Amino acid sequence: MTMNGDDEWLIDWRCKSFPPLAEGTPASQIGEAKWDLLTDFTTPVAALQESALAHNLDRMRSYCAEHGVRIAPHGKTTMSPELIRRQLEHGAWAMTAATAWQARAMLTFGVPRVIIANECIDPVGLQWIVHYMWVNRDAEVYVFVDSIDAVEAMRTAIQESVARARRPRNLSSATPSELATSATDGARSMLDRISAPSGDPASGGFPGFPGFPPVARPIPVLVEVGVVGGRAGVRDVSTAVAVGRAVAHAPELELAGVGCFEGVLGGRRVPEVVEPVREFLRTTRRVGEELMDADAFRAERPVILTAGGSAFFDQVVDVFTADREQYRRPVEVVIRSGCYVTHDHSTYREASPFRSAGESDFVPAMQVWSRVLSTPEPGLAIIDAGKRDISTDARMPLVLGRWRDGVYQPFGDGTGDDDAGGAASVIVDRFNDQHGYVQMTGAGTPPLRVGDLVALGISHPCTTFDKWRVIPVVDDERHVVGAVRTFF
């Protein structure tokens, strides 16, 4: 099965907050229904603004073209075939995943190339990667590694899988279904199974993995560099070079590049964060240069240098592309920003590389709309959005405005930058599973009353997307023009 964002699917009861009368509506006809987000949907409801999505996709494509770099967006942000398809259409060279399962999902979405920006020593995941790359000769699945122990674990997993597949199968204790599978397998040669077209691109052409290719394509590997106190990644240059050499000498693997994630050092664009980020990137570059000097990288392909969350991708480009002619090998700089496609109203808005540069910034594309259920005390409004609906792991959402009696009233400038209306402050204080607590302070009439709809601006889109199976896409008047799915 291929799920590339163009396949047909239906709205049903699993699509949280969609109109009950929408049951059975094909995805291709959602725009024709002319639903209004604020009058036809139940609350809470998350929504994406089409004009902001289009702007952000165009902005990142232009940036990469201007600086001569590639982008492999972190697909875990959305896990959406529709949004990933649009990122590919806007020049994404690959998508980035964190696990073998995520990579499988993205390949099912039609992605031709995936970087698993994480150590991948799961034997089942590695076996699947080898299968997939064997059958799909144009596909590439890259993985990170940060130790010689991990290199050996990967080699062992691949070798044991090959050896197990080559051993005669003992069917004396097999179940009837296993005997039937064996008979079916025996009716085809290994060559038939390897060369036959796969009906499911993500299956690798080996339903249930009954066989294994006699000679596997080497898995392309990138050495991950880390920082003390951070998560995975080699902590010093000499050890990183040793790990790279170990990869280069492993016939089951091939050294494709060096990578890191600078976001572990912080997200604020202040000197005490930016300078350590730049130093970390210089260290990562040095690892790549020393491995080039050692001729450790695979031949006839550019060396990949990759980093870049959504806050400091400009620093990655600056450090990795400086004096590019001094590299001993052709280098492909790949940034991995994921949140740019929707941006946000808080964390990434503040950290955006474009915000202080006088350039066209990304635009927040996601909001969650919630209804005021109760005002049980002065200065307190209870809304129907909770932890099951919106991200709370980075910062609390911002209250952007209210909708009452058919009229939208922004609070401040409607972006979350200013206090609510200049007369009162409206702040999300905390959440339960299905409720939010909104504090209202200041003189005058309380800005929220029972029945009001409130627009919430999110912080950290990753952990809002994973709470919605289907999210409506709206125009600037909040008319629904489409929808995207997520698979977490």
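Everything below is about the structure shown above.
Residues numbered from 1 in each chain as written. Predicted model: local features only at pLDDT ≥ 70, side-chain atom pairs only at ≥ 80, totals over all residues. Heavy atoms only, no water.

Overview of the overall build of the chain
Helices and strands together make up the secondary structure of the chain, namely 13 helices and 18 strands. Long-range contacts, defined here as pairs at least 24 residues apart, represent 70% of the contacts in the chain between residues at least 6 apart. Carbon and sulfur atoms form 51% of the exposed surface of the chain, whose accessible area is close to 20,900 Å². (Helix = DSSP H or I, 4+ residues; strand = E, 2+ residues; numbered from the N terminus. Contact = heavy atoms within 4.5 Å. Areas by Shrake-Rupley, 256 points an atom, 1.4 Å probe, with all protein chains shown as cover.)

Focus on the pairing of strand 6 (residues 219-225)
Burial runs high along strand 6: seven of the seven residues are buried. Covered by surrounding structure in strand 6 are Ile-219, Val-221, Val-223 and Val-225 together with Pro-220, Leu-222 and Glu-224, the residues of both alternating faces. Sheet topology note: the strand 5 (residues 140-145)/strand 6 ladder contains three bridges and is parallel. What sits directly across from Phe-144, in strand 6, is Leu-222. Relative to strand 7 (residues 253-260), strand 6 runs parallel, the two being bridged by seven bridges. Along strand 7, the bridge assignment pairs Glu-224 with Gly-259. (Buried < 20%, exposed > 50% of the residue type's maximum accessible area, 1.4 Å probe, protein only. Pairing = 2+ DSSP bridges.)

Overview of the packing of helix 9 (residues 237-248) against helix 10 (residues 271-293)
Relative to each other, helix 9 and helix 10 sit at 45°, their axes nearing to 9 Å. As judged from the angle between their axes, helix 9 and helix 10 are oblique. Note that helix 9 runs across helix 10; the crossing there is right-handed. Listed contacts from helix 10 to Val-237, Ala-240, Val-241, Gly-244 and Arg-245 of helix 9 are Thr-283, Arg-286, Val-287, Glu-290 and Leu-291. (Axes fitted to C-alpha atoms, helices over the stretch in contact; angles between N-to-C directions. Parallel < 35°, antiparallel > 145°, perpendicular 65-115°, else oblique. Left-handed = near helix turned anticlockwise from the far one by under 90°.)

What to know about the pattern of salt bridges
Using the criterion set out here, one finds 27 salt bridges in the structure. In this structure, Glu-275 and Arg-282 form a salt bridge, with 2.6 Å as the shortest nitrogen-oxygen distance. Look at Arg-282 and you get partly exposed, because its relative accessible area is 33%. Residues joined by salt bridges that share partners form a network here, namely Asp-7, Glu-82 and Arg-485. (Salt bridge = Lys/Arg side-chain N within 4 Å of Asp/Glu carboxyl O.)

As for the side chain of Ser-337
For Ser-337, the location among the structural elements is in the loop between strand 9 (331-335) and helix 12 (347-351). Within polar-contact distance, the side chain of Ser-337 engages the backbone oxygen of Gly-309 at 2.8 Å. Setting aside residues up to four positions removed in sequence, Ser-337 forms contacts with Met-60, Ile-71, Pro-73, His-74, Gly-308, Gly-309, Ser-310 and Phe-313. (Polar contact = N/O pair within 3.5 Å; in protein donor to acceptor, adjacent residues only side chain to side chain.)

Quick notes on unusual backbone geometry
Cis geometry marks the peptide bond from Thr-43 to Pro-44, where omega comes out at 0°. Inspection of the secondary structure puts Pro-44 in the loop between helix 1 (37-40) and strand 1 (45-49). Located in the positive-phi region is Asp-323, a residue other than glycine, with phi close to 50°. With respect to the element layout, Asp-323 can be found in the loop between helix 11 (313-321) and strand 9.

Observations regarding the packing of aromatic side chains
The final tally for this structure, using the stated rule, is 13 aromatic pairs. Taking 6.0 Å as the distance between ring centres and 45° as the angle between the ring planes, the aromatic pair formed by Tyr-340 and Phe-362 counts as tilted. Placement of the pair is Tyr-340 in the loop between strand 9 and helix 12 and Phe-362 in the loop between helix 12 and strand 10 (366-377), with a sequence separation of 22 residues. Neither residue differs from the other here; Tyr-340 and Phe-362 are each classed as buried. Among the aromatic residues, ring-to-ring pairing joins Tyr-63, Phe-313, Tyr-340, Phe-354 and Phe-362 into one connected group. Just above the ring of Tyr-437 sits the side chain of Arg-430; from NZ or CZ to the centre is 3.8 Å. (Phe/Tyr/Trp six-rings, centres within 6.5 Å; stacked < 30°, edge-to-face > 60°. Lys NZ or Arg CZ within 6 Å of the ring centre and 35° of its normal.)

Observations concerning helix 4 (residues 100-108)
Extensive coverage of helix 4 is indicated by the burial of seven of its nine residues. Within helix 4, burial applies to Ala-100, Gln-102, Ala-103, Ala-105, Met-106, Leu-107 and Thr-108. Packing partners of the buried residues in helix 4 comprise helix 3 (81-89), strand 3 (95-97), strand 4 (113-119), helix 5 (123-135) and strand 5. Downstream of helix 4 by one or two residues, Gly-110 has phi in the positive range, about 100°.

Description of the environment of Asp-475
Its place among the elements puts Asp-475 in the loop between strand 17 (470-474) and strand 18 (480-485). By relative accessible area, Asp-475 is classed as partly exposed at 23%. Asp-475 sits 426 residues away from Gln-49 along the chain, and the two C-alpha atoms are 5.9 Å apart. A polar side-chain atom of Asp-475 sits 2.9 Å from the main-chain amide nitrogen of Glu-477. Looking at Asp-475, its side chain comes within polar contact range of the main-chain nitrogen of His-479, at 2.9 Å.

So, the sheet that holds strand 6
Hydrogen bonds between backbone groups are what pair the strands of a sheet, and the pairing can be parallel or antiparallel. What the eight strands build is an open sheet, ordered 2-9-8-7-6-5-4-3; its pairing is parallel. Sheet topology places strand 2 (70-71) and strand 3 at the edges, where each strand pairs with a single neighbour. With three bridges joining them, strand 7 and strand 8 (residues 303-307) adopt parallel strand pairing. Across the sheet, Val-258 pairs through a bridge with Leu-305, a residue of strand 8. Contacts from helix 11 reach strand 8 and strand 9 within the one sheet, and its direction differs from that of strand 9 by about 170°.

As for the packing of helix 2 (residues 50-67) against helix 3
At a minimum axis distance of 10 Å, the contact between helix 2 and helix 3 shows a crossing angle of 35°. The crossing of helix 2 and helix 3 is right-handed. Along its contact with helix 2, which presents Glu-50, Leu-53, Ala-54, Leu-57 and Arg-61, the element helix 3 presents Leu-83, Arg-86, Gln-87 and Glu-89. Here the residues of the contact of helix 2 with helix 3 are counted per class, giving four nonpolar, one polar and four charged. (Nonpolar A, V, L, I, M, F, W, Y, C, P; charged D, E, K, R; others polar.)

Observations regarding the side chain of Asp-452
With respect to the helices, strands and loops of the structure, Asp-452 is situated in the loop between strand 15 (436-441) and strand 16 (453-457). On the accessibility criterion, Asp-452 (2% relative accessible area) is buried. For Asp-452, the side chain forms a polar contact with the side chain of Arg-404, separated by 2.7 Å. Aside from chain neighbours lying at most four places away, what touches Asp-452 is Ser-370, Arg-371, Val-372, Arg-402, Trp-403, Arg-404 and Pro-447.

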